[in-house]
Protein chains: 2
Amino acid sequence: MLIDKFISEIESKRNCAVVGLDTQYEYVPDKMKKSDPIESIWEFNKRIIDAIYEIVAVVKIQIAMYEQYGVAGLDLFYRTSHYAKEKGMYVIADVKRGDISSTAVAYSKAFLTRPDIDFVTVNPYMGYDSIKPFIDDCVKYDKGIFILTKTSNPSSGDIQDLIADGRPIYEHVAIKVDQWGKDYVGERGYSFVGAVIGATYPEQAKKLRALMPNAYILVPGYGVQGATAQDAAAAFNRDGLGAIVNSSRGILLSYKKHPEIGLEDAIIQEVIRMRDDLNSAIRGDKK
Amino acid sequence: MLIDKFISEIESKRNCAVVGLDTQYEYVPDKMKKSDPIESIWEFNKRIIDAIYEIVAVVKIQIAMYEQYGVAGLDLFYRTSHYAKEKGMYVIADVKRGDISSTAVAYSKAFLTRPDIDFVTVNPYMGYDSIKPFIDDCVKYDKGIFILTKTSNPSSGDIQDLIADGRPIYEHVAIKVDQWGKDYVGERGYSFVGAVIGATYPEQAKKLRALMPNAYILVPGYGVQGATAQDAAAAFNRDGLGAIVNSSRGILLSYKKHPEIGLEDAIIQEVIRMRDDLNSAIRGDKK
C-alpha cells in the first residue's frame, strides 16, 4: 500500500520534511531569470529537485502558483510533478479541490489517475459525497488524500473555530477524517485518508492528533508562516511518525540568506537544518 | 459596476437561467463525436453557445470537467469562456478555489484578471483571508464572486448543517457573505460578493435570502439534481431579482429527450421551458 511505502521512505531518509514547490517567478534568482517566467521557474524547480531528492522524500506542488500562468502554467505543474517522480520522490498535488460527486470524479481523474501524483489535498466543506470519489480512486490507483482540517492561516478560525455540540468545527472534521479513513489503514497503522493541520495551531493539533490516531497529517506553516519545530511536533504520534512538515518559501528563498554559497548548497543546508530541527523536536516532545 | 450591468442583461432577456457547461465527452451526441474528446466537446460547446446566446445571459463553466483532460482540457476551458464572452455572455468560472492569502492571490490571478471571466465561485472553509484577494481583484477588474454557503449535494449537511450558537454553519457563512459584501453594493442594491445556495434546500434558502439581502445568489440543483422552479424561487427577493438558477445536464442532454428535433432546437426549447418555469415560479412566489 502506498502509505506503507511512503512511511518506509521517510524512515530511511530520517526526514519528515516536505519541500513545497510554491514556486513564483519572483523567487527565481536574478541570474537564472529568463524573459519567459515559465521556463525560469522550470529551471529553478529542476535545480531544487536535483539538490534535494537524495535527502528529502516528499515534494508538495501548490497548483495555484502554476494556474496563474494559464495553460503553460498547468503544463509546468505536470512537468514538475513528473520530474520529481522520476527522481523517486513522493508528490503531493496541493489542489484543495471539493465539489459535488459527479464533479469530484472529474477532479480526482485530473490528479489521482496520473502516475506522477501520489496525494492530493481536498476541502471538506461540501461533505462526504465530495470526498468519496477521491477515496475510490485512492483504492483503485493506490494513492492518498489530505483533508483540510485546521488550516495554518490567520483567518482559519472564521468557520473552523465555530463551536458545535461543544466542539470546534475542525474537530468535527477530524472525527470524520478518522471515520472515513478507518477502512483504509495499512500495515504500519496509518490510513491513506490524512488531514491538514497548520503548525501555527499546536494546541489544537494535540487534540486533533488524538481524535484521528491513524491519519497521516500534512503540517504547513513551519518557517515563514511563523511556526517552530516544537509547534509542528504536536502533530506527531509517539512512534515519531504520523506527520510530515512542509516548508516552501523558507527553502526556495534560502539562497538569499546565504549569498556566500551556491543555490544548491543553500537549499541543502536549509533542508538539513529543518530536518534536524524537526527530528530533535519530535524526539524531545515524544520521549 | 459589473453587477449592475449583469442585472440589466438578465432583465432585458427576462431570463435568470444559467446554462452550465459541465460538458463531458459522454454528453456529446454520437454523430458529433470525433476521436479527440477535446475537439468533440469544443464543437458541442460552440453549438450550445450559438444556440443560446440571444436568449440566455449567463454561462457557468465547471472547470473540473476540463481539468480531467489536463493541459489540453484547460486550454478548452479558456477557449470556451472566450467564445461565450465574444457572444456577449456573462461567464462564471465554477472553480470553488480557496487557500491561504498568498496562494489565493495566485488563484484569483488565474481567473479574475482574464477579460473572458466575470465571476468565480470560492470556498469559505479557510476564512476571510482566503477570500479577500478575490474581493480585491473584483474591485480592481470589475468582477464578482459567489461564496459556497449551502451547497446542493446530499452530503452538504456533514459540515454545513452543524449548529453553532444556535445557527447552522451555512447561516454563519451567509452572515459573513453579507458583511464581506456590504461595501460593494451597486446601484441596483446588489453586491458583487454573492453566494451559492442549492435549490435542493428551499427552506434553508428562505432564511439565507433574508440574512444576506444584498447578495446575488447562484442556485444550482434545478432539474437533474431534483429541485423544482418553486424550490429555486426561494432564493429570489421580492423585486424578482437576486438569484440566477443553473441547469447543466438538463440542457446539455435535452437532445436525448427530443430526438425528433435537432440539437439546437432541443436546447432552445429546454432553455425557454426553464426560463418560463422559473419566471412563473418567481412571480407566483413573490407577488
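Residues numbered from 1 in each chain as written. Chains lettered and ligands numbered in written order. Predicted model: local features only at pLDDT ≥ 70, side-chain atom pairs only at ≥ 80, totals over all residues. Heavy atoms only, no water.

## Some details on the packing of helix α5 (residues 101–111) of chain B against helix α6 (residues 128–141) of chain B
Residue and element names in this part refer to chain B.
Reasoning step 1: Where α5 contacts α6, the two axes come as close as 8 Å, and the packing angle between them is 35°. Judged by the sense of rotation from one axis to the other, the crossing of α5 with α6 is right-handed. In contact with S101, A104, V105, Y107, S108 and K109 of α5, α6 contributes D129, S130, P133, F134 and D137.
Reasoning step 2: Within the contact of α5 with α6, the residues separate by chemical class into five nonpolar, three polar and three charged. (Axes fitted to C-alpha atoms, helices over the stretch in contact; angles between N-to-C directions. Helix = DSSP H or I, 4+ residues; strand = E, 2+ residues; numbered from the N terminus. Left-handed = near helix turned anticlockwise from the far one by under 90°. Contact = heavy atoms within 4.5 Å. Nonpolar A, V, L, I, M, F, W, Y, C, P; charged D, E, K, R; others polar.)

## Points about the sheet that holds strand β2 (residues 58–62) of chain B
Reasoning step 1: Here we have eight strands rolled up into a closed barrel, ordered β1-β2-β3-β4-β5-β8-β9-β10 (chain B), and parallel in their pairing. The mean inter-strand angle of the sheet, taken between neighbouring strand axes irrespective of direction, is 30°. (Pairing = 2+ DSSP bridges.)

## Topic: the UniProt feature "active site" (unreviewed entry) in chain A
Reasoning step 1: The UniProt entry lists K96 of chain A under the feature "active site" (unreviewed entry), expressed in the numbering used here.
Reasoning step 2: Here K96 of chain A shows up in strand β3 (residues 90–97).
Reasoning step 3: Apart from residues no more than four positions distant in its own chain, K96 of chain A is found in contact with Q62, T121, V122, N123 and L148 of chain A together with G98, D99 and M126 of chain B. (UniProt positions renumbered as here; feature names shortened; annotations may be inferred.)

## Thoughts on the layout of surface pockets
Residue and element names in this part refer to chain A.
Reasoning step 1: Of the voids in this model, the largest pocket is the one considered here, and its volume is about 230 Å³.
Reasoning step 2: Lining of the largest pocket is provided by I10, E11, R14, N15, C16, F236, D239, G240, L241, N279, I282 and R283.
Reasoning step 3: Secondary structure elements with two or more residues in the lining of the largest pocket: α1 (2–13) and α13 (263–286).
Reasoning step 4: Among the elements that take part in the lining of the largest pocket, α13 stands out by supplying three residues, more than any other.
Reasoning step 5: A per-class count over the lining of the largest pocket returns five nonpolar, three polar and four charged. (1 Å grid on protein atoms, 1.4 Å probe; cavity = no way out; pocket = protein on both sides within 12 Å on 5 of 7 lines; lining within 4 Å. Points joined across faces, edges and corners; volume = space filled by probe spheres on them.)

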